[in-house]
Amino acid sequence: MLTPRNLHSSASSLGSTIHEEVQEVLAEMRDASRRRGGGKRMTLLREPLLHFAVVGAILFGGYSWLNDRHVEATAADPVRIGEGDLRWLKQTWSSQWLREPTADELKGLVDDLLNEKVMAREAQEMGLEKDDTIIRRRLAQKLKFLVEDTAQLAEPTEAELRQFYAANPAHFETPGKLSFRQVYFNPEHRKDAAADATAALGALSANVEDESIEGDRLLFGDSFADTDEQALSGMFGTDFAREVFALEPGGWRGPVKSGYGFHLVLISHRTPTTSKPFETVRDAVLADWRSAKQTEFSRDYLIALRNKYGVELDDSTKAALGSGPSMTVAAQ
């Protein structure tokens, strides 16, 4: 398409072509005149008026050629408003105003969309989209959505699903649960809460049911029934939950530290983690498989794009990043 940006280069190229053609025409006319021996013709060839007429004819032809190309390029790609655009305009209006637009309102919406499209096209012709952070991020986001949608089209075989299920057992398990009691020692109310907890453990080890050992009050209470590790982690922290779930039933254990202080723990009952049968979690396996494939596909696509366009870091950027491991592609 001929644009104001490349019009100058086209005109320059045309000027060079015209100059060459003029020289060829004049040379041919001189050769013909010499062969015929016409002195008057040689005089005619030296006339500036003839030169002007020849150049004018070629310029006129060149201008017509450029203008025709410009008209063809413009007419070949008009700004279009189709059924999809109208449907989108109506839906957008209805979601905002809770009613359908009137005929005049719809005309106004179409006018606004046309203005937006022609201005956007002209802005592109002028190169205004270059180095614009918002436009760059929006284009990257649209491509990311397209890549993710493409990855979702993949369909695994039954064997692939079962293989994925076997390779990720933790995703498809019924988590184990604990029932336990605890005695809490608050560092804010004691001089040495850890030492107090250790001393109390000695007394409880001699008598598991010793009721004389009193801890400090805890908002969550002292007894917990059928609590899984995730729930316990939410109450006391990940480290506390992991350590408590590693304890065996049969006696008081501790002190176990949490974000609140120190605890003595007595496990009364444990329900082990069990795998869910494949048939009962097939939909979940399929969803996880697609998510994993989407991440893999996005990562491979980004690697391919980096290889396609190349990535270069200048010295200042390398210095700022330091001498750590090289950059890796993170599929977001």
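Here goes a summary of the coordinates provided. (Residues numbered from 1 in each chain as written. Predicted model: local features only at pLDDT ≥ 70, side-chain atom pairs only at ≥ 80, totals over all residues. Heavy atoms only, no water.)

## Considerations on the overall build of the protein chain
We count it as follows: Note on conventions: DSSP H or I runs of at least 4 residues are helices, E runs of at least 2 residues are strands, and numbering of each starts at the N terminus. Each residue's exposure class comes from its accessible area (1.4 Å probe, protein chains only) as a fraction of the maximum for that residue type: buried when under 20%, exposed when over 50%, partly exposed otherwise. A contact between two residues is defined here by any heavy atoms of the two lying within 4.5 Å. To be clear on the numbers: accessible area is Shrake-Rupley with a 1.4 Å probe, and residue cover counts the displayed protein chains and nothing else.
Counting secondary structure elements, the protein chain contains twelve helices and six strands. Burial statistics for the protein chain: of 332 residues in total, 23% are counted as buried. Put simply, 66% of the contacts in the protein chain that link residues at least 6 apart link residues at least 24 apart. For the protein chain, the computed accessible surface area is about 23,400 Å², with 55% contributed by carbon and sulfur atoms.

## Details of the sheet that holds strand S4 (residues 252–257)
Paired through their backbone hydrogen bonds, the strands of a sheet run either parallel or antiparallel. The test is simple: A pair of strands is labelled paired if DSSP reports no fewer than 2 bridges between them. Where helices are involved, their axes are fitted lines through C-alpha atoms of the stretch in contact, as for all axes, and angles between N-to-C directions lie from 0 to 180°.
Pairing is antiparallel across the open sheet formed by four strands, whose spatial order is S3-S2-S5-S4. Each having just a single partner strand, strand S3 (223–228) and S4 make up the two edges of the open sheet. Averaged over all adjacent pairs, the angle separating strand axes in this sheet is 40°, with direction ignored. Judged from the nine bridges that link them, strand S2 (residues 177–185) and strand S5 (residues 262–271) form a sheet pairing that is antiparallel. Bridging from a neighbouring strand, Val 183 pairs with Leu 264 of S5. Where helix H9 (residues 229–236) meets the sheet, it contacts S2, S3 and S5, and its direction lies at approximately 125° from that of S3.

## Digging into the packing of H9 against helix H10 (residues 238–245)
To be explicit about the condition: Any angle that falls under 35 degrees is termed roughly parallel, while one over 145 is termed roughly antiparallel, one within 65 to 115 roughly perpendicular, and all others oblique. By convention, the crossing between two helices is left-handed when the near helix turns anticlockwise from the far helix through less than a right angle, and right-handed when the turn is clockwise. Put simply, Ala, Val, Leu, Ile, Met, Phe, Trp, Tyr, Cys and Pro go in the nonpolar bin, Asp, Glu, Lys and Arg in the charged bin, and everything else, Gly too, in the polar bin.
At a minimum axis distance of 7 Å, the contact between H9 and H10 shows a crossing angle of 135°. Taken together, H9 and H10 sit at an angle that is classed as oblique. For H9 against H10, the interelement crossing comes out right-handed. Contact with H9, carried on its side by Glu 229, Leu 232, Ser 233 and Phe 236, involves Thr 238, Phe 240, Ala 241, Arg 242, Val 244 and Phe 245 of H10 and no other residues of that element. Here the contact of H9 with H10 is built from residues that sort into six nonpolar, two polar and two charged.

## Thoughts on the nonpolar core
Test applied: The term nonpolar core refers to a set of buried residues drawn from Ala, Val, Leu, Ile, Met, Phe, Trp, Tyr and Cys, joined through side-chain atoms within 4.5 Å.
Ranked by internal contacts, the top residues of the largest apolar core, which has 15 residues, are Phe 180, Leu 232, Val 244, Val 265 and Ile 267. Those elements giving two or more residues to this core turn out to be S2, H9, H10 and S5. Looking at this core, the element that brings in the most residues is H10, giving four residues. With residues up to four places along the chain from it excluded, the contact list for Leu 232 reads Phe 180, Thr 227, Gly 237, Phe 240, Ala 241, Val 244 and Phe 245.

## Let's talk about the layout of surface pockets
Vacant regions in the atomic arrangement are exposed by a probe of water-molecule size rolled over the atoms. Defined as follows: For each structure, a 1 Å grid was placed over the protein atoms alone; sets of points admitting a 1.4 Å probe that cannot get out are labelled cavities, open sets with protein on both sides within 12 Å along at least five of seven lines are labelled pockets, and lining residues have an atom within 4 Å of a point. Grid points are joined across faces, edges and corners, and a volume is the space filled by probe spheres set on the points.
Volume-wise, the second largest pocket comes out at about 340 Å³. Lining the second largest pocket are Ala 120, Ala 123, Gln 124, Leu 128, Glu 129, Asp 132, Ile 134, Ile 135, Arg 138, Leu 139 and Lys 142. Where the lining of the second largest pocket is concerned, the elements lending two or more residues are helix H5 (103–125) and helix H6 (133–151). Looking at which element gives the most residues to the lining of the second largest pocket, the answer is H6, with five residues. Its residues placed into classes, the lining of the second largest pocket shows six nonpolar, one polar and four charged.

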